[in-house]
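Listed here are the chains, written in short residue letters.
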Amino acid sequence: REVVAAIFVLIVLIFIATRSADAYSKKIHSKDPREIIIDEVLGQALCYILTLPWTILQLIFTDSSKLIFQNKNALLILAIILNIVLFRLFDSFKPWPVYKFERIKGGTGIILDDIAAAICSVIFYYLIVLVI
């Protein structure tokens, strides 16, 4: 329930942020003003919402002897760091399909390229975690 509530709140915030970013970018005549950081906040939040609950459940129900590190707190910290690194990589380098969203004009493009970067980050997070 908490994850569903968090996703609902995130969706509402995405709509508010999109409208706000659109209005601000038009006001100052800039395509993607650097001072708008809500897109990064929402993208990183999406990464955490979609990965950390599953990761925590895995750490709770997995026998420590089957883990790479026996310290579950260290693994949780590594999961958080992995989320940050992956999101920053996708947000900075903007590979396909992320760069496609960056080309959308206005607040929609400002917000959606970071949401796309977050989704790519989540996919890679699970690929990395499941392989390890």
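On a predicted model such as this, the values are computed, not experimentally measured, just so you know. (Residues numbered from 1 in each chain as written. Predicted model: local features only at pLDDT ≥ 70, side-chain atom pairs only at ≥ 80, totals over all residues. Heavy atoms only, no water.)

Asker: I tried to follow the packing of aromatic side chains on my own but got confused; where do I start?
Answerer: Any pair of aromatic rings gets described here by the distance separating the centres and the angle formed by the planes. Applying the stated criterion across every chain yields a total of three aromatic pairs. An angle of 90 degrees between the planes, with centres 5.5 Å apart, marks the rings of Tyr-125 and Tyr-126 as edge-to-face. We classify Tyr-125 as buried; its relative accessible area is 1%. Every member of this aromatic cluster is reached through a ring pair, and the members are Trp-54, Tyr-125 and Tyr-126. (Phe/Tyr/Trp six-rings, centres within 6.5 Å; stacked < 30°, edge-to-face > 60°. Buried < 20%, exposed > 50% of the residue type's maximum accessible area, 1.4 Å probe, protein only.)

Asker: In this structure, what is going on with the nonpolar core? I would like to understand it.
Answerer: Of all hydrophobic cores here, the largest spans 20 residues; its most connected members are Leu-10, Ile-14, Leu-42, Ile-111 and Ile-115. Elements supplying a minimum of two residues to this core: helix H1 (2-28), helix H2 (38-61), helix H3 (72-93) and helix H5 (106-131). Residue contributions to this core peak at eight residues, all from H5. (Core = buried A, V, L, I, M, F, W, Y, C linked by side-chain atoms within 4.5 Å. Helix = DSSP H or I, 4+ residues; strand = E, 2+ residues; numbered from the N terminus.)

Asker: Explanation requested: a positive patch on the surface in the structure shown.
Answerer: Side chains of Lys-31, Lys-100, Arg-103 and Lys-105 sit close together on the surface and give a patch of like positive charge. Secondary-structure assignment places Lys-105 in the loop between helix H4 (98-102) and H5. With a relative accessible area of 73%, Lys-105 lands in the exposed category. (Patch = residues over 30% accessible without salt bridge, like charges linked within 9 Å, V, L, I, M, F, W, Y side chains within 5 Å. Areas by Shrake-Rupley, 256 points an atom, 1.4 Å probe, with all protein chains shown as cover. Salt bridge = Lys/Arg side-chain N within 4 Å of Asp/Glu carboxyl O. Lys, Arg positive; Asp, Glu negative; His and termini not counted. Charge placed at Lys NZ, Arg CZ, Asp CG, Glu CD.)

Asker: I tried to follow the side chain of Thr-51 on my own but got confused; where do I start?
Answerer: With respect to the helices and strands, the residue Thr-51 is situated in helix H2. Of note is the side chain of Thr-51, whose polar atom sits 2.7 Å from the backbone oxygen of Cys-47. Excluding residues that lie within four positions of it along the chain, Thr-51 makes contacts with Asn-83, Val-122, Tyr-125 and Tyr-126. (Polar contact = N/O pair within 3.5 Å; in protein donor to acceptor, adjacent residues only side chain to side chain. Contact = heavy atoms within 4.5 Å.)

Asker: Please clarify how H3 should be interpreted in this entry.
Answerer: Given 3.6 residues to a turn, an α-helix orients residues that are three or four positions apart in the same direction. Along its 22 residues, H3 runs 31 Å from first to last C-alpha, staying within 8% of the 32 Å computed at 1.5 Å per residue. The complete set of buried residues in H3 reads Leu-75, Ala-79, Asn-83, Leu-86, Phe-87, Phe-90 and Asp-91. On an axial view of H3, the arc spanned by its buried residues comes to 135 degrees, and they lie on one face. Exposed and oriented more than 90 degrees from the buried face of H3 are Asn-73, Ile-77 and Phe-93. (Expected span 1.5 Å × (residues − 1). Arc of directions from axis to C-beta.)

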